[in-house]
Amino acid sequence: MPSGEQHLLATEIVDRGIESSGPNAGSPTFSVRVRRRLPDFVQSVNLKYVRLGYHYLISHGLYLATIPVLVLVFSAEVGSLSREELWQKLWEDARYDLATVLPFLSVFAFTLSVYSMSRPRSIYLVDFACHKPHDDLKVTKAQLIDHAIRSNKFDESTIEFQRRILHASGIGDETYVPKPLLAGENCATMKEGRAEASAVMFGALDELFEKTRVRPKDVGVLVVNCSIFNPTPSLSAMIINHYKMRGNILSYNLGGMGCSAGIIAVDLARDMLQANPNNYAVVVSTEMVGYNWYQGKERSMILPNCFFRMGCSAVLLSNRRRDFHRAKYRLEHVVRTHKGADDRSFRCIYQEEDEQRFKGLRVSKDLMEIGGEALKTNITTLGPLVLPFSEQLLFFATLVWRYLFGGNGSQPHPKKPYIPDYKLAFEHFCVHAASKAVLDELQRNLELSEGNMEASRMTLHRFGNTSSSSIWYELAYLEAKGRVRRGDRVWQIAFGSGFKCNSLVWKSMRRVRQPSKSPWLECIDRYPVAL
């Protein structure tokens, strides 16, 4: 194996129990399993997920196949008649067969009306807002290390570990953390959690209502997602109380669903809008950094301290046809993947206490591999929905060839399946800004350019990992740069605990000019920066 690929492998010792027969009967047996940290998408694609994507695509295949045939038959029949003969025939049929024509027209009009009313309504993204905390909350990497030293909770090796992680994280020196954290106060209290939640959520919502000129009482659906901090009353109840929203609002609070929960919240809001016409839905995505700040010494639980920062997004969705002209985007696809049935995936990111009873998130060393499997499944399902037909044909043909002839071991080096060029399906990519290492691996496997990854890398540098809201800071970056034009397709993809990987596909309704309010306005001219 080439030495350049050895860092992609991970080994695992598997206990296979007591040998029941043979010369080694009664002896314990073990095997060594070698895995990739992040699966090479070029090497393996599961055919069943391709079939799932094609099932979505051809669910109306009967209509697509029948309509052209009917058009051809009708064209052949009409083409044999001259214009005068055609009008004469229609007039004679209408005069002598009026009893048939009128019922036919009535049935046709009724069918058209039923189809128009029953088809799913388009879901529009009217606008969104991302909270930019006050400058007093800015923190540099050096300040975080100084805080760790002054806390007297870490030995020299743990301090050096945090310094190495921060140096290689891709995070800059202008991210935000709660003020009590750097002051050495205990942030893991309900009071501090509610204070942080109020600051970021109300900041984002105030900006959203100001930008859209929508009153809080006009909102019919509210979905809030926050993985770690889930008080009683809920965060959604806090918002309803603060803005005095109407009593029949449909409110939901999603907890414990990780960094991909923002897409799940949009999917839930979409379902609620389909069932409640002429309505607005607000989706709030955030995470409380101080409430889950780890105070112990275990390195696998210190990692979240190095990456997670304050942030919040608020999104206004609508199914009202009158919002067609002012909406920024239309929702095209939602694809969700859940690997929770697998024990390793389920425990990949796990909240628990360490031996000293300090609470935190434990990040498994298998994170890259497990995340890669979930990502592979998700994009394989998404491909048939978004890729051009030529890319689908090449991908499917090479995949079937490999499936039928590449697995029998007759070829020492079986042909790699054709990996579709997702740059042909999307103009913009908003990949969850988890860490520099994760973004590097995704870029390599999906063969994306530096330009495709710019929004994700710059968001990570400027704001850090803001959890489920990071994909909205990335879209705000693209808008602040003035890069979103009419008809552009935007792919938002996020992954998180469970393990889950979810995708959103939006289509721009118009050219999006630089907004008057954005978390990037004061610094957009400095970006991109070299990392």
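Residues numbered from 1 in each chain as written. Predicted model: local features only at pLDDT ≥ 70, side-chain atom pairs only at ≥ 80, totals over all residues. Heavy atoms only, no water.

A. Focus on the overall build of the protein chain. Per the secondary structure count, the protein chain includes 17 helices and 15 strands. For the protein chain, the proportion of its 531 residues judged to be buried stands at 47%. Sequence-distant contacts, at least 24 apart, represent 78% of the contacts inside the protein chain between residues at least 6 apart. Per element, the accessible surface of the protein chain, about 26,800 Å² overall, is 56% carbon and sulfur. (Helix = DSSP H or I, 4+ residues; strand = E, 2+ residues; numbered from the N terminus. Buried < 20%, exposed > 50% of the residue type's maximum accessible area, 1.4 Å probe, protein only. Contact = heavy atoms within 4.5 Å. Areas by Shrake-Rupley, 256 points an atom, 1.4 Å probe, with all protein chains shown as cover.)

B. Inspection of the packing of helix α5 (residues 141-150) against helix α6 (residues 156-167) at higher detail. Across the interface, α5 lies against α6 with an axial gap of 10 Å and an inter-helix angle of 165°. As far as their axial angle goes, α6 and α5 are roughly antiparallel. The interaxial crossing formed by α5 with α6 has right-handed handedness. Of α6, the residues touching α5 (which contributes K141, L144, I145, A148 and I149) are I159, Q162, R163 and L166. Counted by class, the contact of α5 with α6 contains 6 nonpolar, 1 polar and 2 charged residues. (Axes fitted to C-alpha atoms, helices over the stretch in contact; angles between N-to-C directions. Parallel < 35°, antiparallel > 145°, perpendicular 65-115°, else oblique. Left-handed = near helix turned anticlockwise from the far one by under 90°. Nonpolar A, V, L, I, M, F, W, Y, C, P; charged D, E, K, R; others polar.)

C. Seen up close, the pairing of strand β3 (residues 124-130). With 7 of its 7 residues buried, β3 lies for the most part within the structure. Pairing between β3 and strand β9 (residues 312-318): 6 bridges, direction antiparallel. Note on β9: the bridge partner recorded for Y124 is S318. Here β3 runs beside strand β10 (residues 329-338); their pairing, made up of 2 bridges, is antiparallel. Its bridge partner lying in β10, L125 is registered against Y329. (Pairing = 2+ DSSP bridges.)

D. Looking closely at the pattern of salt bridges. Following the criterion strictly, the structure yields 33 salt bridges and no others. Taking the shortest distance from any N to any O, the salt bridge between R326 and D323 comes out at 3.1 Å. Residue classification places R326 among the partly exposed residues on the basis of a relative accessible area of 28%. For D421, the salt bridge is made with K423, and the minimal N-O distance between the two is 3.1 Å. Of the residues examined, D421 reaches a relative accessible area of 24% and is grouped as partly exposed. The exposure class of K423 is partly exposed, given its relative accessible area of 32%. (Salt bridge = Lys/Arg side-chain N within 4 Å of Asp/Glu carboxyl O.)

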